[in-house]
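# Notes for the structure review
Letter by letter, the chains look like this.
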Amino acid sequence: MTENPSLPRSFRLLVTGGGTGGHTYPALTAIRTLQARLAADGGTLDVLWIGTPHGLEARVAPAEGVPFTTVATGKIRRAANPLKMISPANVKDMARVPLGVAQARRIVSDFRPDVVLATGGYVAVPAGLAARMCKRPLVLHEQTVRLGLANRKLASSAARIAVSSESSLPLLPEAVRGSAVVTGNPVRPEVLSGHADKAVAALGLHGFDRRLPTLYVTGGAQGAQQINDVVRDALPWLLERANVVHQCGPANVEALRAGVAALPPGSADRYHLAGFVGPELPDVLALADVVVSRSGAGTLAELTALGKPAVFVPLASSAGNEQEHNARHLQDTGAAVALTGDVTADRLRDALGPLLTDPARRAGMAEAARAHGRPDAADRLVDVLLSAASG
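Everything in this summary refers to the structure shown in the same document. (Residues numbered from 1 in each chain as written. Predicted model: local features only at pLDDT ≥ 70, side-chain atom pairs only at ≥ 80, totals over all residues. Heavy atoms only, no water.)

## So, the overall build of the protein
The test is simple: Strands here are runs of E lasting at least two residues and helices are runs of H or I lasting at least four, both read from the DSSP assignment and numbered beginning at the N terminus. With the radius of gyration taken over C-alpha atoms, the globule rule is written as 2.2 Å times the number of residues to the power 0.38. Contact criterion: two residues are considered in contact whenever any of their non-hydrogen atoms come within 4.5 Å of each other. Residue burial considers only the protein chains on display, and all accessible areas are found by Shrake-Rupley using a 1.4 Å probe.
For the protein, the count of helices and strands is 16 helices and 13 strands. At 22 Å, the protein has a C-alpha radius of gyration in line with the 21 Å of a compact globule built from 391 residues. Overall, the C-alpha framework of the protein stretches about 65 × 55 × 35 Å when taken along its three principal axes. Of all intrachain contacts in the protein linking residues separated by at least 6 positions in sequence, the fraction that spans at least 24 positions is 69%. When the accessible surface of the protein is totalled, it reaches about 17200 Å², and 53% of it is carbon and sulfur.

## Here's the deal with the packing of helix α8 (residues 225–239) against helix α14 (residues 345–357)
In a packed pair of helices, the relevant descriptors are the angle between the two axes and the axis-to-axis distance. The criterion, for reference: Fitted lines through C-alpha atoms give the axes, limited to the stretch in contact for helices. The angle between two N-to-C directions lies from 0 to 180 degrees. When an angle is under 35 degrees it counts as roughly parallel; over 145 it counts as roughly antiparallel; between 65 and 115 it counts as roughly perpendicular; any other value is oblique. Helix crossings get a hand from a simple test, with the near helix turned counterclockwise from the far one by less than a right angle marking a left-handed crossing and a clockwise turn marking a right-handed one.
Where α8 contacts α14, the axes come no closer than 9 Å and their chain directions differ by 45 degrees. Judged by the inter-axis angle, α8 sits oblique to α14. In the crossing of α8 with α14, the sense of the turn from one axis to the other is right-handed. Residue-level inspection shows V230, V231, D233, A234, W237 and L238 of α8 in contact with α14, the latter providing A345, L348, R349, L352, G353 and L356.

## Some words on the pattern of salt bridges
Opposite charge on two side chains permits them to pair, given that their charged atoms come into close proximity. Definition in use: In what follows, salt bridge is the name for a side-chain nitrogen of Lys or Arg lying within 4 Å of a carboxyl oxygen of Asp or Glu. Here the term buried applies to any residue with accessible area under 20% of the maximum for its type, exposed to any over 50%, and partly exposed to those in between, with areas from a 1.4 Å probe on protein chains only.
One pass over the full model with this rule turns up 16 salt bridges. In this structure, the salt-bridge partner of R32 is E64, at a minimum N-O distance of 3.3 Å. Here R32, found in helix α1 (residues 21–40), pairs with E64, found in the loop between α2 (57–63) and β3 (68–70); they are 32 residues apart in sequence, far enough to count as distant. The partly exposed category is assigned to R32, whose relative accessible area is 30%. Using a relative accessible area of 38% as the deciding quantity, one classes E64 as partly exposed.

## Regarding the sheet that holds strand β8 (residues 214–218)
Convention followed: Here a strand pair is declared whenever DSSP counts at least two bridges between the two strands.
Taken in spatial order, the six strands of this open sheet run β10-β9-β8-β11-β12-β13, and their pairing is parallel. Two strands bound the open sheet, and with one partner strand each, they are β10 (271–274) and β13 (337–338). For strand β9 (residues 243–247) and β10, the ladder comprises four bridges, and the chain directions are parallel. Paired with V244 across the bridge in β10 is Y271.

## As for the nonpolar core
Filter applied, for reference: We call a set of buried Ala, Val, Leu, Ile, Met, Phe, Trp, Tyr and Cys residues a nonpolar core when their side-chain atoms join them within 4.5 Å.
Ranked by size, the top nonpolar core spans 34 residues in total, and within it L215, L235, L238, V292, V311, L348 and L352 carry the most contacts. Looking at this core, the elements with two or more residues in it are β8, α8, α9 (253–259), β10, β11 (290–293) and α14. The element contributing the most residues to this core is α8, with eight residues. Those residues in contact with L352 that sit more than four places away from it in its chain are L215, W237, L238, V290, V292 and V311. Listed in part, the 31 residues of the second largest apolar core include V245, L285, A301 and A336.

## Side note on the environment of F68
Residue placement: F68 occurs in strand β3. Taking the C-alpha atoms as reference points, F68 and G341, 273 residues apart in sequence, are found 40 Å from one another.

Pasting the structure below:
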């Protein structure tokens, strides 16, 4: 972390971005980190978040006590064929952008932020353009390996572009590389402070055999049918080699519970099925020796900061196929395994077998994963915000 000998007594931060957790939680973590840094020096932070009324940020920001407002915006639906981009829905949404820019310009002009932080998502475009119009420094934060659509549109307007990976730098347009800095992707501090024994107590995992490795399977908050299906098919094999915590999504619990009813008692005691893992997540991650999950940017940031061996099953429909790029990037350095295309129980067994049975293999992958992790990413991003604000 860079020392800031003279922090401002008060600081005004405008945040924009959201739609998904990948854009929302890094912004929230940056707010909290800047708030704490200023408070430790006797300073205060005034913050305002511009988002969409229906995105995740509309729930998260108010729940966290962050003032929140919305502007009109439109989602651009991408297609491989440029002609298909000119769809009625896209034309209608693009027509909303000028109204959103006008609204955002008024908000920026009234709030007079010291800096504007944009973390991506289509709502960032009007606020980012308004920052340029009002001559306020704009800092972009990109969570994924390649710049997302919103950040690509705003790159030429940015004072700084904070990226999460060194491998992003050569992918940036040459004209903006000079303004880029590698910060990593901010990880919620609580994720890094889990305790394995607390997970055992909180989830009642007393049937787990701690001499075996523990596998954590997750498809995200809603679960992932693809992951659920292959884990169900491989479950008897898995439970011979590991304890399993399976976060399957609230809508999928009953179907999976019926499917595993025939497990022998000894095996069943080593399988914990949960619709959703909430406050216990840091402790579950501390307990896990290996993780099977999607490969969104937030998940990668958390698992690499913790140094967790992982088998990734990328979401094929992710924007710009970003999840596959994320997973392959880590696989290329031995920090994870990427399962793409047609994922079967056999392929999952082939990927997990060496990790579950060979502690040295797990340790090697954990070390490679940790080399990509940036647990201090939030502090690095705050350094960039303060630097951009001071010119």
